[in-house]
Amino acid sequence: MEERIYLSAPHMGGEEINFIHKAFDENWIAPLGPNVNGMETDLAEYAKVPYAAALSSGTAAIHLALILLNVQKDDIVLASSFTFSATINPIAYQGALPVLIDSEEETWNMDPELLEQAIKDYSAKGKKPKAVIFVHLYGMPGKIEEVSNICKQYDIPLIEDAAEALGASWNNKRAGSFGDFGIFSFNGNKIITTSGGGALLSQNKTWIDKARYLATQARDPAPYYQHSEIGYNYRMSNISAGIGRGQMQVLDKWIALRRENFNFYQENLGSLGFAFQNERPGAFANRWLTCVLFDENHQIGPEELRQNLETFNIETRPLWKPMHIQPVFKDCDFYVNGVSEKLFGKGLCLPSGSSLSMGQKQLIVEKIKQLVQ
Ligand SMILES: *Cc1c(COP(=O)(O)O)cnc(C)c1O
């Protein structure tokens, strides 16, 4: 059996271990410490957003953003339907009601027109949405400027879920820097990893200070443990942040490698009738995952290809199943146009890690060619 080719394997640059050694030498094993501060500074500088809080996950970052915006039971939160469940779950943690917004065809991300329709409808019913959560799927910048303008026009705060889009940009402005909040994830299969972690970013210092306080069990400034609010254990550890600091040094290199993967697949599979998630002028995608779309002329569909590639120990994955057709969110209201369901039905994510070798990529393309034509 060939060595397994993963969808998106962690890829260390080499310096990570030195940050961890330093933490051991200084006995900064416990939560917080210099690596956490360093990671926050690195991220804020990279994303060009002044304040960042390093957290235990991207999910925690979205949850804290909702808490800071005072999202409560039965409040309406409008969110991208074409996403991973972690975008929506924190809305449910607050007892609020997710309303799921479908994608537009061009970038696969939230359709600004559907968003505006939902805002108008809910406002007319006297239930003005409390927040919008916009996702840049697979690292492709969506119509964030349009969405940001709509949010401003209706005075609704915007949370930008850039969990998959660290390093992507729209008109030279980083994904994660458009919203009132930006969030990133450093989960194991994201473009860089801390073995598990996330971050919350904002222009607003008060919010990020409050996020750090809530993420460390909401301790009042007192010599004993006193609490006036419900807190959370959501901070990133100093060891994880050490991995993150090393990863930040190679982030741009890893993005370049993922973009090379995309170009390789497009060059070698484009002629076979596959379609790709394209960058419109002004968009810079980090190409976290390369996805191909099948058409009717292919001999087999995405699921059959996935199973066949699995027999060669090549991992691929269907596109995200839209949240409005997930059993757990079946009671949620939604605004759909068929785009995300269509993408889900005919797409497949190919191995996209920055550590893929040319030999592995050639093998993947060769197998796909054999199987689909
Ligand atoms: C990975 C991901 C998250 C959650 O991040 P975790 O760090 O795994 O909690 C949120 N939204 C999207 C779109 C993601 O892909």
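Residues numbered from 1 in each chain as written. Predicted model: local features only at pLDDT ≥ 70, side-chain atom pairs only at ≥ 80, totals over all residues. Heavy atoms only, no water.

Below, the discussion takes up the packing of helix 5 (residues 112-124) against helix 6 (residues 144-154). Running from N to C, helix 5 and helix 6 cross one another at 15 degrees; their axes reach a closest spacing of 9 Å. As judged from the angle between their axes, helix 5 and helix 6 are roughly parallel. Between helix 5 and helix 6 lies a crossing whose hand is right-handed. Across the interface between the two elements, P112, L115, E116, I119 and K120 from helix 5 touch E146, V147, I150, Q153 and Y154 from helix 6. Partitioned by chemical class, the residues of the contact of helix 5 with helix 6 number six nonpolar, one polar and three charged. (Axes fitted to C-alpha atoms, helices over the stretch in contact; angles between N-to-C directions. Helix = DSSP H or I, 4+ residues; strand = E, 2+ residues; numbered from the N terminus. Parallel < 35°, antiparallel > 145°, perpendicular 65-115°, else oblique. Left-handed = near helix turned anticlockwise from the far one by under 90°. Contact = heavy atoms within 4.5 Å. Nonpolar A, V, L, I, M, F, W, Y, C, P; charged D, E, K, R; others polar.)

Here we come to the site of the ligand. T59, D161, E164, S185 and K190 are the nearest of the 15 residues found near the ligand. The contact in question runs from an oxygen atom of the ligand to an N or O atom on the side chain of S185, over 2.7 Å. Taking G197, its main chain carries an N or O atom lying 3.5 Å from an oxygen atom of the ligand. Tallied by class, the residues present in the shell around the ligand amount to four nonpolar, eight polar and three charged. (Near = heavy atom within 4 Å. Polar contact = N/O pair within 3.5 Å; in protein donor to acceptor, adjacent residues only side chain to side chain.)

For the rest of this paragraph, the subject is the environment of S148. Along the polypeptide, S148 turns up in helix 6. C-alpha separation for the pair S148 and I159, spaced 11 residues apart in sequence, amounts to 9.7 Å. Every residue in contact with S148, bar those within four places of it in the chain, is listed here: L158 and F178.

In a beta sheet, neighbouring strands are held together by backbone hydrogen bonds and run either parallel or antiparallel to one another. Across the sheet, which stays open at both edges, the three strands sit in the order 7-6-11 with antiparallel pairing between neighbours. Of all the strands in the sheet, the pair left with one neighbour each is strand 7 (173-174) and strand 11 (283-284). Where strand 6 (residues 169-170) and strand 11 come together, two bridges link them in antiparallel fashion. Residue pairing in the sheet places W170 in a bridge with A283 of strand 11. (Pairing = 2+ DSSP bridges.)

Before going further, it helps to examine the sheet that holds strand 8 (residues 181-185). If you trace the eight strands from one edge of the open sheet to the other, you get 1-9-8-5-4-2-3-14, paired in mixed fashion. Whereas interior strands pair on both sides, the edge strands pair on one side only; in this sheet they are strand 1 (51-55) and strand 14 (333-335). Across the sheet, the mean angle separating the axes of adjacent strands is 20 degrees when strand polarity is ignored. Direction of pairing for strand 2 (residues 76-80) relative to strand 4 (residues 131-135): parallel, over a ladder of three bridges.

L43, Y138, L166, F186 and L319 are the most contacted members of the largest nonpolar core, which has 42 residues in total. Counting residues per element, the ones that place at least two in this core are helix 2 (34-47), strand 1, strand 9 (198-202), helix 8 (238-269), strand 12 (290-293) and helix 10 (339-346). Discounting residues that sit within four places of it in the chain, L43 has contacts with A52, L166, F184, F186, A199, L201 and M248. Judged by nonpolar contacts, the second largest core, of 36 residues, contains I67, V71, A211 and Y232. (Core = buried A, V, L, I, M, F, W, Y, C linked by side-chain atoms within 4.5 Å. Buried < 20%, exposed > 50% of the residue type's maximum accessible area, 1.4 Å probe, protein only.)

Here we take up the packing of aromatic side chains. Under the criterion given, the structure shown has eight aromatic pairs. Considering the side-chain rings of Y232 and Y234, the 5.2 Å spacing of their centres and the 20 degrees angle between planes classify their relative orientation as stacked. Judged by its relative accessible area of 19%, Y232 is buried. Among the aromatic side chains, those forming a connected cluster through ring pairs are W108, Y138 and W288. Above the ring of W170, the side-chain terminus of R280 is found at 3.9 Å from the ring centroid. The ring of F262 is capped by R287, whose NZ or CZ atom sits 3.3 Å from the centre of that ring. (Phe/Tyr/Trp six-rings, centres within 6.5 Å; stacked < 30°, edge-to-face > 60°. Lys NZ or Arg CZ within 6 Å of the ring centre and 35° of its normal.)

This brings us to the domain arrangement of the protein. When the parts come together, some accessible area is lost, and that loss is often what is quoted as the size of the interface. For the protein, the assigned domains read domain 1 (16-248) and domain 2 (251-372). Listed per partner, the contact involves 47 residues of domain 1 and 41 residues of domain 2. Between domain 1 and domain 2 the total buried area reaches about 4,000 Å² when both faces are included, carbon and sulfur atoms providing 59% of it. Its largest share of buried area at the contact with domain 2, domain 1 owes to W108, Y138 and I191, together 21% of the area lost on that side. The tally of links between domain 1 and domain 2 comes to one salt bridge. Between K342 and E105 there is a salt bridge, with its nearest N and O atoms 2.2 Å apart. At the surface where domain 1 touches domain 2, the tally comes to 28 residue pairs in polar contact (both at pLDDT 80 or more). Residue assignment for the side of domain 1 that touches domain 2 shows that the elements contributing at least two residues are strand 3 (97-101), helix 5, strand 6 and helix 8. (Domains from an automatic or database assignment. Buried area = accessible area lost by both parts, 1.4 Å probe. Salt bridge = Lys/Arg side-chain N within 4 Å of Asp/Glu carboxyl O.)

Moving on, we get to the side chain of S354. Locating S354 in the fold gives a position in the loop between strand 15 (347-350) and helix 11 (358-372). One polar contact links S354 to H11, side chain to side chain, over a distance of 2.9 Å. With sequence-adjacent residues up to four places away left out, S354 is seen in contact with H11, W254, L257 and R258.

Tracing the sequence through the fold places R258 in helix 8. In this structure R258 is buried but unpaired, with E164 as the nearest side chain of opposite charge at 10.0 Å. Engagement of the side chain of R258 in a polar contact is seen with the backbone oxygen of W288, the distance being 2.7 Å. Contacts of R258, omitting those with residues within four sequence positions, involve S8, A9, N189, K190, I191, N286, R287, W288, L289, S352, G353 and S354. (Lys, Arg positive; Asp, Glu negative; His and termini not counted.)

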